[in-house]
Amino acid sequence: MSDTNAASAAAGFAADEPFFHAFLTPHRSLGRTGFMILMGALLFGWLVTGIFMLSHGAWPVFSFFGLDVLGLYLAFRVNYRAARAHEEVSVSRTALDILKVAPSGKAQSHHFNPFWAKFSVARHTEIGITRMAVEAQGQDVAIGTFLNPDDRESFAAAFSRALARAKAR
């Protein structure tokens, strides 16, 4: 292989290397330990209150309060299941790849040419960014829908710079 071919092959390989990679996950303020402490405190409160109510003949309070604790537990489990969703966004000079994984584990992959991709951001004056999407080739792929406003701003700025860098070639 000549020096020219080797240089162009190396440049082609480097162009395929992602220079931007973001792993987006929903924020959950209560971790596993906090959840266990909260549920322990609720169960303890239910038990103490329930025994007091049972001793005074108010047995329905015991069972209804137990249903409240069970309802909170189920709501937190659903919330934590939704937190398993994530998105991976990577940008190289030749590719813009978006992998969206649902809480169920089902994945959707989207591939774009970064030169033709458009990053659109919808803003609200009071809230900030309300929607981010990549548009190209007749597709419109929303990204970061589960991010909080500060994370949306941060991601939008970094992703815009990465897309501009890819287009600069």
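Look a little higher up for the structure.
What comes next is a walk through the structure. Fair warning: this is a prediction, and the values are worked out from it, not measured in the lab.

Let's shift gears to the sheet that holds strand E7 (residues 139–142). Read from one edge of the open sheet, three strands run E5-E6-E7, paired in antiparallel fashion. The sheet is open, and its two borders are formed by strand E5 (118–124) and E7, each paired with just one other strand. Put simply, the sheet's adjacent strands are angled 30° from each other on average, direction ignored.

Now for the pairing of E7. As defined by bridge partners, strand E6 (residues 128–136) adjoins E7 across four bridges and the pair is classed as antiparallel. The residue bridging alanine 136 from the neighbouring strand is glutamine 139, located in E7. Here E6 folds back onto E7 in antiparallel fashion, the turn holding two residues, of which glutamine 137 has a positive phi close to 55°.

Time to look at the environment of leucine 43. Mapping leucine 43 onto the fold places it in helix H2 (residues 32–55). Taking the relative accessible area as the measure of exposure, leucine 43 reaches 43% and is therefore partly exposed. Sequence separation between leucine 43 and valine 69 is 26 residues; the distance between their C-alpha atoms is 7.1 Å.

This structure, assessed with the given rule, holds three salt bridges. Here glutamate 87 makes a salt bridge to lysine 100, at a shortest N to O gap of 3.4 Å. Taken together, the positions of glutamate 87 in strand E2 (residues 86–91) and lysine 100 in strand E3 (residues 96–101) put the pair 13 residues apart, joining distant regions of the chain. One exposure class covers both glutamate 87 and lysine 100, and it is buried. Here glutamate 153 and arginine 123 are joined by a salt bridge, their closest N and O atoms 2.7 Å apart. Of this pair, glutamate 153 sits in helix H4 (residues 149–168) while arginine 123 sits in strand E5, and the two are 30 residues apart along the sequence. In this structure glutamate 153 comes out as partly exposed when scored by relative accessible area, which is 32%.

A word on the side chain of glutamate 87. In this structure glutamate 87 comes out as buried when scored by relative accessible area, which is 3%. A polar side-chain atom of glutamate 87 sits 2.8 Å from the main-chain amide nitrogen of glycine 144. Non-local contacts of glutamate 87, meaning those with residues more than four positions away in its chain, are made with Ala22, Phe23, Leu24, Leu99, Lys100, Ala142, Ile143, Gly144 and Phe146.

A word on the packing of aromatic side chains. Think of a pair of aromatic rings as described by two things: how far the centres are apart, and how the planes are tilted against each other in angle. This structure, assessed with the given rule, holds 10 aromatic pairs. Between the aromatic rings of phenylalanine 35 and tyrosine 80, the centroid separation amounts to 5.5 Å while the plane-to-plane angle is 80°, which identifies the pairing as edge-to-face. Note that phenylalanine 35 is positioned in helix H2 and tyrosine 80 in helix H3 (residues 59–82), a separation of 45 residues in sequence. Here phenylalanine 35 matches tyrosine 80 in class, with each residue buried. Ring plane angle 85° and centroid distance 5.1 Å describe the contact between phenylalanine 115 and tryptophan 116, whose orientation is recorded as edge-to-face. Phenylalanine 115 sits in the partly exposed class, given a relative accessible area of 40%. Aromatic rings pair up to connect Phe20, Phe119, Phe155 and Phe159 into one cluster.

Glancing now at the environment of alanine 136. The residue alanine 136 is located in strand E6 in this model. Accessibility expressed as a relative area gives 9% for alanine 136, which makes it buried. Here the alpha-carbon distance between alanine 136 and phenylalanine 119, two residues 17 residues apart in the chain, equals 9.0 Å. Those residues in contact with alanine 136 that sit more than four places away from it in its chain are Phe112, Trp116 and Ala117.

Bringing the packing of H2 against H3 into the picture now. Look at H2 against H3: their axes get within 8 Å of each other, and the N-to-C directions meet at 170°. On the basis of the axis angle, H2 is roughly antiparallel to H3. Of H3, the residues touching H2 (which contributes Phe35, Leu38, Met39, Leu42, Leu43, Gly45, Trp46, Thr49, Gly50, Ile51, Met53 and Leu54) are Trp59, Val61, Phe62, Phe65, Gly66, Val69, Leu72, Tyr73, Phe76, Arg77 and Tyr80.

Parameters and conventions
- Residues numbered from 1 in each chain as written.
- Predicted model: local features only at pLDDT ≥ 70, side-chain atom pairs only at ≥ 80, totals over all residues.
- Heavy atoms only, no water.
- Pairing = 2+ DSSP bridges.
- Helix = DSSP H or I, 4+ residues; strand = E, 2+ residues; numbered from the N terminus.
- Axes fitted to C-alpha atoms, helices over the stretch in contact; angles between N-to-C directions.
- Buried < 20%, exposed > 50% of the residue type's maximum accessible area, 1.4 Å probe, protein only.
- Salt bridge = Lys/Arg side-chain N within 4 Å of Asp/Glu carboxyl O.
- Polar contact = N/O pair within 3.5 Å; in protein donor to acceptor, adjacent residues only side chain to side chain.
- Contact = heavy atoms within 4.5 Å.
- Phe/Tyr/Trp six-rings, centres within 6.5 Å; stacked < 30°, edge-to-face > 60°.
- Parallel < 35°, antiparallel > 145°, perpendicular 65-115°, else oblique.

So, to be careful, I would describe these as geometric facts and stop short of saying anything about function.
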